[in-house]
Amino acid sequence: MKRDSRLSGILHVLLHMAERDMPLTSEMLAKAMDTNPVVIRRIMAGLRERGYVRSEKGHGGGWSLACDLSKVTLRDVYAALGSPGLLAMGNRTEAPGCLVEQAVNAALGEAFEAVEALLLERLGEVTLATLSADFHARLATRGGRQDLEVVHG
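The paragraphs below set out a description of the structure included in this document. (Residues numbered from 1 in each chain as written. Predicted model: local features only at pLDDT ≥ 70, side-chain atom pairs only at ≥ 80, totals over all residues. Heavy atoms only, no water.)

Membership of the largest hydrophobic core comes to 28 residues, with the highest contact counts inside it found for Met17, Met44, Leu47 and Val77. Secondary structure elements with two or more residues in this core: α1 (6-18), α2 (26-33), α3 (37-49), β2 (62-65), α4 (74-80) and α5 (99-125). Of the residues forming this core, the biggest block, 6 residues, is contributed by α1. Setting aside residues no more than four positions away along its own chain, methionine 44 makes contact with Ile10, Val13, Met17, Leu29, Val53 and Trp63. (Core = buried A, V, L, I, M, F, W, Y, C linked by side-chain atoms within 4.5 Å. Buried < 20%, exposed > 50% of the residue type's maximum accessible area, 1.4 Å probe, protein only. Helix = DSSP H or I, 4+ residues; strand = E, 2+ residues; numbered from the N terminus. Contact = heavy atoms within 4.5 Å.)

Right, let's talk about the pattern of salt bridges for a bit. Pairing between side chains becomes possible if they bear opposite charge and their charged atoms approach one another. For the structure on display, the rule yields 6 salt bridges. A salt bridge links glutamate 94 to arginine 92, with the shortest nitrogen-to-oxygen separation between them at 3.8 Å. Judged by its relative accessible area of 59%, glutamate 94 is exposed. Of the charged contacts, one joins arginine 122 and glutamate 125 as a salt bridge, the two residues approaching to 3.5 Å between their closest N and O atoms. Residue arginine 122 and its partner glutamate 125 are located together in helix α5, separated by 3 residues, close to a single helical turn. The exposure class of glutamate 125 is partly exposed, given its relative accessible area of 48%. Taken together, the shared-partner salt bridges connect Arg92, Glu94 and Glu101 into one network. (Salt bridge = Lys/Arg side-chain N within 4 Å of Asp/Glu carboxyl O.)

The subject of this paragraph is the side chain of glutamate 101. Note on placement: glutamate 101 falls in helix α5. Under the relative-accessibility criterion, glutamate 101 is labelled buried at 8%. Sequence-distant contacts of glutamate 101, that is, excluding residues within four places in its chain, are made with Arg92, Thr93, Glu94, Ala95 and Pro96.

Next up on the list: helix α6 (residues 128-142). A rise of 1.5 Å per residue sets the reference length of α6, with its 15 residues, at 21 Å; its end C-alpha atoms lie 21 Å apart and thus fit the reference within 8%. If you check which residues of α6 are buried, you get Leu128, Ser132, Phe135 and Leu139. The buried residues of α6 occupy one face: seen down the axis, they fall within an arc of 60°. Exposed residues on α6 whose side chains face more than 90 degrees from its buried face are Arg138, Ala140 and Thr141. Put simply, threonine 127 is the residue that caps the front of α6, since its side-chain oxygen is 3.3 Å from the backbone nitrogen of alanine 129. Glycine 143 lies just past α6 and shows a positive phi near 100°. (Expected span 1.5 Å × (residues − 1). Arc of directions from axis to C-beta. Polar contact = N/O pair within 3.5 Å; in protein donor to acceptor, adjacent residues only side chain to side chain.)

Have a look at this one:
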């Protein structure tokens, strides 16, 4: 099963945007995420609806942050993505009348719910500002500000 890395990817993009004093085009952001600009526009639309980013058309246009990094949590961004499934595992549903399957699914279902609740709680505790501070601490060990492309090195 393929992992859904949209949350990680969009957090990556938002931090790059926080480092720039100018709007970034969908093409530039797509390059940072190694994806198609159409994918970026689709994801960014959900963030725009929540007021986290804004877009400007025309020459010099693109995407820019429209929020205070200290007020937006990872859970907020997760919700803006449409709250995709958090776990790759799930219950078997091929034989819903089977008592063994029901017992297994009940136990696993409780565990899955507990794990998801814990993860969502943790995502709600971390802000974009927290990620930005971590990035800057890591950058300081490299000796200062670097270009968008160089940061990936």
